[in-house]
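What the coordinates show
Chain residues, written in single-letter form:
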Amino acid sequence: MYIVMNRFKVKRGSEDTFIEIWRNRDSHLKEMKGFNRFYFLKGKTDENYTLFSSFAEWESKADFEAWVNSEQFKHTHRNTGNRPNNHDIYYEPAQLECFESVL
């Protein structure tokens, strides 16, 4: 199993906008070989930001890499950062974290 998480620090007051971006996203993940599940998570809020994470479970690293190199990935990410005010909602850049299952 291979887990891929993106951690996002979203400026306070921009949470609803960020959630809507993800709600309206056409990811095509279910079309991909090796894709198991996806979660969109909301974490702690501090004085400057709210933490969010996207969590995707894949059968293997190779399946995830096939997704990253796919037309579906390009389509899903074609407007990332280009939507009005998107750059204004982030407290800092997203962090990608990848994990291989060992047990």
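Residues numbered from 1 in each chain as written. Predicted model: local features only at pLDDT ≥ 70, side-chain atom pairs only at ≥ 80, totals over all residues. Heavy atoms only, no water.

Quick word on the pairing of strand E3 (residues 49–58)
Within E3, 10 of the 10 residues are buried, which leaves the element mostly enclosed by the surrounding structure. Summarising the sheet, strand E1 (residues 2–11) and E3 pair through 10 bridges and their orientation is antiparallel. Along E3, the bridge assignment pairs Tyr2 with Trp58. In this structure, strand E2 (residues 35–45) lies alongside E3, joined through 8 bridges in antiparallel fashion. Its bridge partner being in E3, Arg37 is matched across the sheet by Glu57. Between the antiparallel neighbours E2 and E3 lie 3 residues. (Buried < 20%, exposed > 50% of the residue type's maximum accessible area, 1.4 Å probe, protein only. Helix = DSSP H or I, 4+ residues; strand = E, 2+ residues; numbered from the N terminus. Pairing = 2+ DSSP bridges.)

Some thoughts on the confidence of the model for the chain
Residues of the chain with pLDDT of at least 70 account for 91%, and the chain-wide mean is 91. For the chain, per-element mean pLDDT is lowest for helix H3 (residues 71–76), which scores 86, and highest for E3, which scores 98. (pLDDT = per-residue confidence, 0-100.)

Thoughts on the sheet that holds E2
Spatial ordering of the open sheet is given by E2-E3-E1-E4, a layout of 4 strands whose pairing is antiparallel. The strands lining the two open edges of the sheet, one partner per strand, are E2 and strand E4 (90–100). Neighbour-to-neighbour, the strand axes of this sheet turn through a mean angle of 15 degrees, independent of strand direction. (Axes fitted to C-alpha atoms, helices over the stretch in contact; angles between N-to-C directions.)

Some details on helix H2 (residues 61–68)
Among all positions of H2, only Asp63, Phe64 and Trp67 are buried. Viewed end-on, H2 has its buried residues packed into an arc of 100 degrees, placing them on one side of the element. Among the structural elements, E1, E3 and H3 are those in contact with the buried residues of H2. (Arc of directions from axis to C-beta. Contact = heavy atoms within 4.5 Å.)

Topic: the pattern of salt bridges
Here the idea is simple: oppositely charged side chains can pair when their charged atoms come close. All chains considered together, the criterion is met by 6 salt bridges. A salt bridge links Glu97 to Arg7; its shortest N-O distance comes to 3.9 Å. Highlighted residues: Glu97 in strand E4 and Arg7 in strand E1, separated in sequence by 90 residues. Classification of Glu97 as partly exposed rests on a relative accessible area of 25%. In this structure Arg7 comes out as partly exposed when scored by relative accessible area, which is 28%. For the salt bridge of Glu92 with Lys9, the shortest nitrogen-to-oxygen distance reads 3.4 Å. With Glu92 in strand E4 and Lys9 in strand E1, the pair connects residues that are 83 residues apart, well separated along the chain. (Salt bridge = Lys/Arg side-chain N within 4 Å of Asp/Glu carboxyl O.)

Some points on unusual backbone geometry
Positive phi values are uncommon outside glycine, yet His28 reaches one of about 65 degrees. As for its placement among the helices and strands, His28 is situated in the loop between helix H1 (15–23) and E2.

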